[in-house]
Amino acid sequence: MTEKLLTVEVAYALPQQQKIISLQVPPQTTLFEAILLSKIASYFPEINLDTLSVGVFSKIEKSPKTRLVQQGDRIEIYRPLLVDPKEARKARAAKLQL
């Protein structure tokens, strides 16, 4: 008997460019393995597979190397923040005060 493959998507976005790769994986595939199978890093060489932050449908996943994919998951790779959001809000508020 053949096991049914699961369809998932792996997504990564830059301000000017995004890529969503749809692929089929075996049921016991982890989020991290699905990212590797998608070969998305070949499109975005700046992705650091050792330190990447990952989520599923905008919810951060703390254990992408152990969490198994589910049918229809959209696995999102997040870029590191360049500016602390709190600091950015303070700076914008300060400009408005002037």
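Sequence positions are assigned chain by chain, starting from 1 and proceeding in written order. Totals for whole chains, interfaces and linings use all residues, but because this is a predicted model, local features are given only for residues with pLDDT of at least 70 and pairs of side-chain atoms are given and counted only at 80 or more. The basis for the side-chain values is all heavy atoms of the structure; hydrogens and waters are excluded.

Enquirer: Explanation requested: the pairing of strand β2 (residues 18-25) in the structure shown.
Expert: In summary, the side chains of a regular strand alternate between the two faces of the sheet. Paired strands, in this sense, are two strands between which DSSP finds at least two bridges. Put simply, DSSP H or I for four residues or longer makes a helix, DSSP E for two residues or longer makes a strand, and each gets a number counted from the N terminus. Sheet topology note: the strand β1 (residues 6-13)/β2 ladder contains eight bridges and is antiparallel. From the neighbouring strand, Thr-7 faces β2, where its bridge partner is Gln-24.

Enquirer: Would you mind showing me how to read the nonpolar core here?
Expert: Across soluble globular proteins, you tend to see nonpolar side chains buried next to one another. Counting residues in each nonpolar core, the largest one holds 19 residues, and the members touching the most others are Ile-35, Ile-40, Val-69, Ile-75 and Ile-77. Secondary structure elements with two or more residues in this core: β1, β2, α1 (31-38), β3 (53-56) and β5 (74-78). Counting residues per element, this core draws most heavily on β1, at four residues. The criterion used for residue contact is that any of the two residues' heavy atoms lie within 4.5 Å. Residues in contact with Ile-77, not counting those within four places in the same chain, are Val-10, Ala-11, Tyr-12, Ile-35, Ile-40, Ile-47, Leu-52 and Ser-53. Residues belong to a common nonpolar core when they are buried Ala, Val, Leu, Ile, Met, Phe, Trp, Tyr or Cys residues joined through side-chain atoms within 4.5 Å. Exposure classes here rest on a 1.4 Å probe applied to the protein chains alone. A residue is buried below 20% of its type maximum, exposed above 50%, and partly exposed in between.

Enquirer: Sorry, what's going on with the sheet that holds β5 here?
Expert: Strands in a sheet are paired, the pairing made by backbone hydrogen bonds, and the direction either parallel or antiparallel. Strands sit in the order β2-β1-β5-β3-β4 across an open sheet of five strands; the sheet is mixed. Edge positions in the open sheet fall to β2 and β4 (59-61), since each of these has one partner strand only. When the angles between neighbouring strand axes are averaged without regard to direction, this sheet yields 30°. With four bridges joining them, β3 and β5 adopt antiparallel strand pairing. Within the sheet, the bridge partner assigned to Val-56 lies in β5 and is Ile-75. Along the sheet, α1 makes contact with β1, β2, β3, β4 and β5, crossing β2 at roughly 110°. As a rule, the C-alpha atoms of each element are fitted with a line to give its axis, helices using only the stretch in contact, and angles between N-to-C directions run from 0 to 180 degrees.

Enquirer: Can you walk me through the pairing of β1 in this structure?
Expert: The turn joining β1 and β2, which pair antiparallel and follow one another in sequence, is formed by four residues. By the bridge criterion, four bridges tie β1 to β5 in an arrangement that is parallel. Bridging across to β5, Tyr-12 finds its partner in Ile-77.

Enquirer: Just checking my understanding: could you explain the environment of Lys-19 for this structure?
Expert: With respect to the helices and strands, the residue Lys-19 is situated in strand β2. Judged by relative accessible area, which is 27%, Lys-19 ranks as partly exposed. In sequence terms Lys-19 and Tyr-43 are 24 residues apart; their C-alpha atoms lie 8.2 Å from each other. In contact with Lys-19, not counting residues within four places along its chain, are Val-10, Ala-11, Tyr-12, Ile-40, Tyr-43 and Phe-44.

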